[in-house]
Amino acid sequence: MKKIISILFLVVFVNLTQSQTPKKSSVTASINAQPKLVVGIVIDQMRYDYIYRYWDKFSNDGFKRLVNEGFFCRNTNYNYVPTYTGPGHTSIYTGTTPAVHGIIANDWYDKSKGKTIYCVQDDNVDGVGTTAPEGKRSPVNMLTTTITDELRISSNMKSKVIGIALKDRSAILPAGHTANAADRKSIV
């Protein structure tokens, strides 16, 4: 499909905890069981109608499986503009708008600091194994928790949350404040 679909974000949440509910009937046990793996995929700039337009080109183990067996948001709308990567991914994983979660753009002017800042810029941290400016990234500018933070909290921090994306902001913001890891990967 040429360059129409560019996968700019993939965040994987791994829930390794066991359900702590006592054994009941098999129906009740399956309803109360916690999932072993939850995967969130956001495909930046892929319009909703592309699923239907290219349906016949998708394999049964790819998008068709995600649509048929996963949770698929139909006719979803954003109630803010513009829809940049940082605020968009943050809105999906926090369930709220930039006015509430604080990620208003990919870059913005911070009047209190007197300079333009990047949405995941954090001068108080260093990346693992580096002191390069590109490693000074965290969700510090995000004012709310994400669904991934809530997953970790609900499991008493036993769940694993890992964000992987082509852009640092796409890995860091959805993975949240309590993530085990977030990393930007280059595709060659």
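As the structure is a computational prediction, the values presented were derived from the model and not from experiment.

Before we move on, could you go through the packing of helix H4 (residues 85–94) against helix H7 (residues 168–175) and cite the residues and values that matter?
For any two helices packed against each other, one specifies the crossing angle of their axes together with the interaxial distance. Put simply, H4 and H7 touch, their axes get as near as 9 Å, and they point 25 degrees apart. Judged on the interaxial angle alone, H7 and H4 are roughly parallel. For the pair H4 and H7, the crossing hand works out as right-handed. Contact with H4, carried on its side by Thr85, Gly86, His89, Thr90 and Tyr93, involves Arg169, Ser170, Leu173 and Pro174 of H7 and no other residues of that element. A class-by-class count of the residues in the contact of H4 with H7 yields 3 nonpolar, 5 polar and 1 charged.

Tell me about unusual backbone geometry, residues and numbers included.
Here the residue pair Val81 and Pro82 is connected by a cis peptide bond, since its omega of -5 degrees sits within 30 degrees of zero. With respect to the helices and strands, the residue Pro82 is situated in the loop between helix H3 (63–69) and H4. Not every positive phi belongs to a glycine, and Gln45 is a case in point at roughly 65 degrees. The phi torsion at Met157 lies on the positive side, around 65 degrees, for a residue other than glycine.

I'd like a rundown of the nonpolar core, residues and numbers included.
Grouped together as the largest cluster of nonpolar side chains are 10 residues: Ile103, Ala105, Trp108, Ile117, Tyr118, Cys119, Val120, Met142, Ile172 and Leu173. Among the secondary structure elements, those contributing two or more residues to this core are strand E4 (115–118) and H7. Residue contacts for Leu173: discarding those within four places in its chain leaves Gly86, Thr90, Ile103, Cys119, Val120, Pro139, Met142 and Thr146. By size, the runner-up hydrophobic cluster in this structure holds 8 residues, among which are Tyr50, Tyr54, Val67 and Phe72.

Go over the environment of Val81, please, and point to the residues and values.
Structurally, Val81 can be placed in the loop between H3 and H4. Taking the C-alpha atoms as reference, Val81 lies 9.4 Å from Pro98; in sequence the two are 17 residues apart.

Can you break down the pairing of strand E3 (residues 107–110) residue by residue, with the values?
In terms of strand pairing, E3 meets E4 through 4 bridges, oriented antiparallel. Looking at E4, one finds that Trp108 is bridged to Ile117. Linking E3 back to E4 in an antiparallel pair, the connection comprises 4 residues, with Gly114 at a positive phi of about 70 degrees.

Describe the side chain of Ser91, and please don't skip the residues or the numbers.
By the secondary structure assignment, Ser91 is in helix H4. Judged by relative accessible area, Ser91 falls into the buried class, the value being 10%. Within polar-contact distance, the side chain of Ser91 engages the backbone oxygen of Thr96 at 3.1 Å. Among all residues touching Ser91, those that are not within four sequence positions of it are Tyr80, Thr96, Thr97, Pro98 and His101.

Before we move on, could you go through a nonpolar patch on the surface and cite the residues and values that matter?
There is a patch of nonpolar side chains on the surface, built from Leu37, Val39, Ile41 and Leu66 and spanning about 350 Å² of accessible area. Tracing the backbone shows Leu66 in helix H3. Looking at Leu66, the relative accessible area reads 43%, which means it is partly exposed.

So what about the pattern of salt bridges? Which residues, and what values?
On inspection of all chains with the given rule, the structure shows 6 salt bridges. The closest approach of N and O atoms between Arg47 and Asp49, which form a salt bridge, is 2.9 Å. The class for Arg47 is partly exposed, based on a relative accessible area of 42%. In this structure, Asp123 engages Lys115 in a salt bridge whose closest nitrogen and oxygen atoms are separated by 3.4 Å.

About the criteria used
Residues numbered from 1 in each chain as written. Predicted model: local features only at pLDDT ≥ 70, side-chain atom pairs only at ≥ 80, totals over all residues. Heavy atoms only, no water. Axes fitted to C-alpha atoms, helices over the stretch in contact; angles between N-to-C directions. Helix = DSSP H or I, 4+ residues; strand = E, 2+ residues; numbered from the N terminus. Parallel < 35°, antiparallel > 145°, perpendicular 65-115°, else oblique. Left-handed = near helix turned anticlockwise from the far one by under 90°. Contact = heavy atoms within 4.5 Å. Nonpolar A, V, L, I, M, F, W, Y, C, P; charged D, E, K, R; others polar. Core = buried A, V, L, I, M, F, W, Y, C linked by side-chain atoms within 4.5 Å. Buried < 20%, exposed > 50% of the residue type's maximum accessible area, 1.4 Å probe, protein only. Pairing = 2+ DSSP bridges. Polar contact = N/O pair within 3.5 Å; in protein donor to acceptor, adjacent residues only side chain to side chain. Patch = residues over 30% accessible without salt bridge, like charges linked within 9 Å, V, L, I, M, F, W, Y side chains within 5 Å. Areas by Shrake-Rupley, 256 points an atom, 1.4 Å probe, with all protein chains shown as cover. Salt bridge = Lys/Arg side-chain N within 4 Å of Asp/Glu carboxyl O.

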